[in-house]
Amino acid sequence: MLRKIACTVWQRHAAAQCIVPVARMSQYGPHFIEPIVNRDKIEELHKTGDLSKVSHVPVKAALSNQNCSVFYDPLVAQFTNYVMKQGNKQLARDLVEKGFENIKRLQLERYHLSESEEEKAKLELNPRRLLHQAVENCRPLLQLTPIKRGGVRYQVPVPITEKRSYFLAMKWLLEAIREKERTVHFPEKMAWEILDAAANQGKVVKRKHELHRQCEANRAYAHYRWS
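In this report, we go over the structure that sits alongside the text. None of these values were measured; they are calculated from a predicted model.

A short note on the overall build of the chain
So, step 1. Within the chain, the secondary structure is distributed over nine helices and two strands.
So, step 2. Traced from its N-terminal end to its C-terminal end, the chain shows the element sequence α-α-α-α-α-α-β-β-α-α-α.
So, step 3. Expressed as a percentage of its 227 residues, the buried residues of the chain come to 26%.
So, step 4. Once local pairs closer than 6 in sequence are excluded, the contacts in the chain between residues at least 24 apart make up 68%.

Here it is as structure tokens:
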């Protein structure tokens, strides 16, 4: 009798070891939907009437960096993360905010020195909008990718994704900021570089145009993307 019980226990233990455990990476089921934190998307759903369809659907918890406040800007938050070094985010936020203060001060000086109302109307005083405009002016549309054909490595122009173009624009801006004189503080250099890029000038815009010229010069190798 004891031998039968021991044999049964051993069989169950062996069967349990054969069962492959299922790795569950999320605590939410497949019927949970992603949270909608963008205020514009919420207003759009409210206008179309689709907001009532998701009002009774279980929603995943929003991430700590997701915010629907009117003061939250995803591009500014991403730029702050690129400025950050060694996890010191408070310092990065202070530097970006001081840079915005310098931009506001410079733009207000230009505003009061303007003689006509047309010049005053053309000046943008919001530093966050200037950052958006600077990043848009610095975004590349193409990039060069090395592709090997017949023992020769060609630099082939290929389209760039939107996420990659935003990353390169902010990366080039920070590189241009840090390449300036070390005797000048970071917020002042940031203000100068962003104002130049917003006016479609400066080192970063020249770098983008140079990359586009190289892509134009290598357009004869564009067919290697598909061959």
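Quick notes on the pairing of strand S1 (residues 142-149)
So, step 1. Sheet topology places S1 next to strand S2 (residues 152-159); eight bridges connect them, and they run antiparallel. Within the sheet, the bridge partner assigned to Leu144 lies in S2 and is Pro157.
So, step 2. Between S1 and S2, which pair antiparallel one after the other, the connecting turn spans two residues, and Gly150 there sits at a positive phi close to 60°.

Here's the deal with the packing of helix H3 (residues 74-83) against helix H4 (residues 89-113)
So, step 1. The interhelical angle for the contact between H3 and H4, taken along N-to-C directions, is 120°, at an axis separation of 9 Å. Classified by the interaxial angle, the pair formed by H3 and H4 is oblique. Classified by chirality, the crossing of H4 by H3 is right-handed. Along the contact surface, H3 presents Val76, Phe79, Thr80, Asn81 and Val83, while H4 presents Lys89, Ala92, Arg93, Leu95, Val96 and Phe100.

Considering the packing of aromatic side chains
So, step 1. For the structure on display, the rule yields five aromatic pairs.
So, step 2. A centroid spacing of 5.2 Å and a plane angle of 55° characterise the contact between Tyr28 and Phe32, whose relative ring orientation is tilted.
So, step 3. Residue classification places Tyr28 among the partly exposed positions, given a relative accessible area of 26%.
So, step 4. Residue classification places Phe32 among the partly exposed positions, given a relative accessible area of 25%.
So, step 5. Seen from their ring centres, Tyr82 and Phe167 are 5.7 Å apart, and the 80° between their planes marks the pair as edge-to-face. Residue Tyr82 is located in helix H3, and its partner Phe167 is located in helix H7 (residues 162-178); the two are separated by 85 residues in the primary sequence.
So, step 6. Overall, the relative accessible area of 27% leaves Tyr82 in the partly exposed class.

Calculation rules
- Residues numbered from 1 in each chain as written.
- Predicted model: local features only at pLDDT ≥ 70, side-chain atom pairs only at ≥ 80, totals over all residues.
- Heavy atoms only, no water.
- Helix = DSSP H or I, 4+ residues; strand = E, 2+ residues; numbered from the N terminus.
- Buried < 20%, exposed > 50% of the residue type's maximum accessible area, 1.4 Å probe, protein only.
- Contact = heavy atoms within 4.5 Å.
- Pairing = 2+ DSSP bridges.
- Axes fitted to C-alpha atoms, helices over the stretch in contact; angles between N-to-C directions.
- Parallel < 35°, antiparallel > 145°, perpendicular 65-115°, else oblique.
- Left-handed = near helix turned anticlockwise from the far one by under 90°.
- Phe/Tyr/Trp six-rings, centres within 6.5 Å; stacked < 30°, edge-to-face > 60°.

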